[in-house]
Amino acid sequence: MSAFQVNQHGYYGQFGGAFIPEMLYPNVEELRERYLDIISEPSFQAEFWQLLRDYVGRPTPLYFAKRLSEQYGTKVYLKREDLCHTGAHKVNNTLGQILLAKRLGKQKIIAETGAGQHGVATATVCALMGMECIVYMGSVDIERQQPNVQRMRMLGAEVRPATSGSQTLKDATNEAMRHWINHPEDTHYIIGSVVGPHPYPDMVGRFQSVISQEIKSQLMEKEGRELPDAVLACVGGGSNAMGAFYHFLDHPEVKLMAAEAAGLGVNSGKSAATTALGKPGILHGSRTILMQTPDGQVVEPHSISAGLDYPGIGPVHAHLFDSGRATFFYVTDDEAMEAGFMVSKVEGIIPAIETAHAFSILDKVKFGPEEIVVINLSGRGDKDLNTYMKYQQEHGVI
Amino acid sequence: MSSRLQTLFEQKKEKILSMFFTSGYPKLEDTRPILSALAASGVDLVEIGMPFSDPIADGDTIQMSSQQALDNGITLDKIFAQLEGVREEMDIPLILMGYLNPVMQYGIERFVTKAASLGIDGVILPDLPMYEYQMFYKDLFDKHGLANIFLITPQTSEQRIREIDALSTGFIYMVSSASTTGKVGDVSSVQEAYFERIKAMGLRSPLLIGFGIHDHASFTRACEHAQGAIIGSALIKALSQGQPVEEAVRGFVGAIHHPL
């Protein structure tokens, strides 16, 4: 049994569990009882893998980034999740969950979204399966991620604004949970990250684990070895990081490095650096590391990237942090934007601002010339063009 | 069971009126005056809400009152200070209701000890799972004579209801329908069938029905199926109208007991 996989009570070390009101219990319990059986059914596996290949476009390339490697004096590979259909890794999970929802006999789908990537990926698979789709999105995020809002609507989803609190991802998640409480019978809630009550973190992690599974075989092909020296990923809730880390968790020689959003600076009061600023607490159904006041009220996070603007972190990441298995880095808005512009010019790839945070680790850690560093390029940056352009106007050409 | 809860459920077999309100709302210092007015109006049991920033089981009204109370500066320390000496004033059972995280940060043992010392009779923490309670907290609650009150819903399985019944030391909070708090509708025949199904189980714990109970008619109807009912959001709406809180409480409770 791996020290980093979920235990029978739904815990990763001291984190995880299912802290949910009774109104959610039957749905979550049904999932817990059935998810492993369903996803191991041959018919599920066949449909999932066929759609990952023909619809999502997997395997995604593992690309040797030559110019970036030269610039940093190490061997940088990019796992091109940005080339997935819908433009990010999120679809790996939504596809898995909607196939599961169908087998549970659910007819309607709800989701929360921050940057809109998970919302788009959910709306997409709902269109594919002919299921009704409602996506909750914070009003602030609706404003800063307009292209994704339009995409969701075009795909037939209803986008409902979450108007409480900071009107971002946390509040969208609250609203989605409330919706599920009010519609327990016919609705499945597709959570977009490795957060929420058990079994969500494990289930989402499994669906995303295809990322590291492919990295292993692709590295073998290109470098004659399965294990990289380091894997870098950004962490909001942490689904892309979990997918990229998954098959390396029990190989301590692989360094796992996570980039959290430091916003205007870890100690600026405008940050989303959960592991730096948080302490153990309970939000959205799991015990995790949480940004909160001494009285246990959740603190509003800040990040320039809507997808990292979350006061918690998946319980598995809380455990990876707590146990020291993964190293966490805190990347400011400015550092992320700089990395985003740099990668665009050096490699011809415009990364999502979320993803740009992971690239910034290259400026913080010196890797050796023979070391193999895999960066999970979790999403593309088209959705962020407005933010990039506005930033450039305000800060001059980078 | 605390003696006050025991006495209430032994002496009153029907039409128990329980009221929920948010501490620190509408004004920070309104907690005690509202509580006093509720007791004076003949309410049988009071649930004092401990605000949380992310109340996922609550609808708009309690979300709003919780946020306002937090903006007013309410904290668990302040709630406890506001409840100082409450047992010199009233004898009805008092329950603290809120979410787990603020209680965890306060320290669960410290919380239970403090609540019991003030004469609090029970706690409702909807997001505290039965498993965690049994494993880690039951002995602590029992030691201090504090009841932990569980919720059941129309979707809760019979087996789980039996487990909850066996663990309960106060009453069972029967959530009237699949919903967050504050959804108002008539009590439907589907709900009545659910109430009767639970009643027919012959549970050892008393049952109070909550969620969606908002006026004399819905209270009376709910009471046909349980020992009593709980009203929350409707009272908070009444408190939000800008009247002096004592008057608002008196008017609201009066209308539940004796409709115009």
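Source: prediction; values computed, not measured.

Rules and cut-offs
Residues numbered from 1 in each chain as written. Chains lettered and ligands numbered in written order. Predicted model: local features only at pLDDT ≥ 70, side-chain atom pairs only at ≥ 80, totals over all residues. Heavy atoms only, no water. pLDDT = per-residue confidence, 0-100. Pairing = 2+ DSSP bridges. Helix = DSSP H or I, 4+ residues; strand = E, 2+ residues; numbered from the N terminus. Axes fitted to C-alpha atoms, helices over the stretch in contact; angles between N-to-C directions. Contact = heavy atoms within 4.5 Å. Core = buried A, V, L, I, M, F, W, Y, C linked by side-chain atoms within 4.5 Å. Buried < 20%, exposed > 50% of the residue type's maximum accessible area, 1.4 Å probe, protein only. Domains from an automatic or database assignment.

Draft legend 1. Spotlight on the confidence of the model for chain B. Counting all residues, the mean pLDDT for chain B is 95, and 99% of those residues have values of 70 or more. With pTM at 0.96, the complex prediction returns an ipTM value of 0.94.

Draft legend 2. A look at the sheet that holds strand β8 (residues 187–190) of chain A. Residue and element names in this part refer to chain A. Ordered by their spatial adjacency, four strands build an open sheet running β7-β6-β5-β8, and the pairing between neighbours is parallel. Two strands in the sheet have a free side with no partner beyond their single neighbour: β7 (158–162) and β8. Averaged over neighbouring strand pairs, the angle between their axes works out to 25° when direction is ignored. Bridge count between strand β5 (residues 108–113) and strand β6 (residues 132–138): six bridges; the pairing is parallel. Counterpart to A111 in the pairing with β6 is V135. Sitting on the sheet, helix α8 (residues 169–182) is in contact with β5, β6, β7 and β8, with an inclination near 160° to β5.

Draft legend 3. Geometry of the nonpolar core. Core analysis: the biggest nonpolar cluster contains 196 residues, and M19, L38, L96, F111, F171 and Y173 of chain B have the highest contact counts within it. Of the residues that make up this core, three or more belong to each of domain 1 (19–51 + 90–204) and domain 2 (57–87 + 209–395) of chain A. Aside from chain neighbours lying at most four places away, what touches M19 of chain B is L38, V43, L45, V46, E47, I231, L235, F252, V253 and I256 of chain B. Grouped together as the second largest cluster of nonpolar side chains are 29 residues, L78, A259, L308 and I349 of chain A included.

Draft legend 4. Main features of the sheet that holds strand β10 (residues 255–263) of chain A. All names here are of chain A. The six strands lie next to each other as β3-β4-β14-β9-β10-β13, forming an open sheet whose pairing is mixed. Of all the strands in the sheet, the pair left with one neighbour each is β3 (62–64) and β13 (326–332). Sheet twist, expressed as the average angle between the axes of neighbouring strands with direction ignored, equals 25°. Here strand β9 (residues 230–234) runs beside strand β14 (residues 372–376); their pairing, made up of three bridges, is parallel. When the sheet's bridge partners are listed, V231 is paired in β14 with V374.

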